[in-house]
Amino acid sequence: MLGAALALALCALQLCPPALAGARPQLLVERSGARRLSKVGGFAWENCGDGRDPAVLQSLSVAPDPISIPGSLRVSAAASSSKTLASPLKTVLLVEKALGELWIQLPCIDGLGSCTYDDICTMLDNLIPPGTTCPEPLLTYGIPCHCPFKAGSYSLPDSDFDLPDVELPSWMTNGNYRVRAVLSSGGQQLACVKLAFSLQAQ
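Below: a short report on this structure. Every value quoted in this text rests on a predicted model; they were computed, and no experiment measured them. (Residues numbered from 1 in each chain as written. Predicted model: local features only at pLDDT ≥ 70, side-chain atom pairs only at ≥ 80, totals over all residues. Heavy atoms only, no water.)

**A short note on the overall build of the protein**
- Looking only at helices and strands, the protein features 2 helices and 11 strands.
- Start at the N end of the protein and walk to the C end: the helices and strands fall as α-β-β-β-β-β-β-β-β-α-β-β-β.
- Scored against the burial criterion, the 202 residues of the protein give a buried share of 47%.
- In the protein, 72% of the contacts between residues at least 6 apart in sequence involve partners at least 24 apart. (Helix = DSSP H or I, 4+ residues; strand = E, 2+ residues; numbered from the N terminus. Buried < 20%, exposed > 50% of the residue type's maximum accessible area, 1.4 Å probe, protein only. Contact = heavy atoms within 4.5 Å.)

In structure tokens, the structure reads:
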């Protein structure tokens, strides 16, 4: 579960490998004050399910704030699931960027933005081939990096991750962002998490 959550976080931070080709974005504008998480200028998170989702995030901290790319990211997290999460695990991301008083919904371009990933399990297999030992610090803390994710609780103490110098589109760099990530399988919602964070590309 936490492995899937970390993969979701990487996608939310626009660090998923590009998968789709496309043109420049059509920006969808929304006035502030909507129902979504609205804190900017600092990291925030919350579960957004109806209280019946089997998988929930129990804690999450990220530093520095704002997040710097390239740079080092310190993450600690805890998550639990009351059921085994198996492939296919569909993930739908809604990514918005603050523009003054407005929130701009970023479309999905080259696998970045408000994208739908049909199976995050396949993405994990592409990043870490099956049969390969899970990378640190996941290995040390017994956090799986492949589906299925067994029911139970997972915890990641403060751990450092290097964020590579990736080329992000100019419309997806410095600024305040809100992300809503929904995990589902077979039409059943399994988890919903909202994030708010600031991103600074050097």
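**Here we look at the packing of aromatic side chains**
- Tallying each qualifying case throughout the model produces 1 aromatic pair.
- Note on Y177 and F197: the rings are 5.7 Å apart at their centroids and 15 degrees apart in plane angle, and the pair reads as stacked. Of the two residues, Y177 sits in strand β10 (residues 175–185) while F197 sits in strand β11 (residues 188–201), which places them 20 residues apart along the sequence. Neither Y177 nor F197 differs from the other in exposure class; each is buried.
- We note R178 situated over the ring of W103; from NZ or CZ to the ring centre the distance is 3.9 Å. (Phe/Tyr/Trp six-rings, centres within 6.5 Å; stacked < 30°, edge-to-face > 60°. Lys NZ or Arg CZ within 6 Å of the ring centre and 35° of its normal.)

**A few points about the state of the cysteines**
- Taken as a whole and assessed by the stated rule, the structure comprises 4 disulfides.
- Disulfide pairing is shown between C108 and C115; the S-S distance is 2.1 Å. Linking C108 and C115, the disulfide has an S-S dihedral of approximately 95 degrees and is accordingly described as right-handed.
- Its relative accessible area of 29% is what places C108 among the partly exposed residues.
- Classification of C115 by relative accessible area gives buried; the value is 1%.
- Between the sulfur atoms of C134 and its disulfide partner C145 the distance amounts to 2.1 Å. The disulfide joining C134 to C145 has a torsion of about -90 degrees about its S-S bond and is therefore left-handed. With C134 in the loop between α2 (120–127) and β9 (152–163) and C145 in the loop between α2 and β9, the pair connects residues that are 11 residues apart, well separated along the chain.
- Judged by relative accessible area, C145 falls into the buried class, the value being 2%. (Disulfide = S-S within 2.5 Å.)

None of the figures reported here should be taken as evidence of function without further support.
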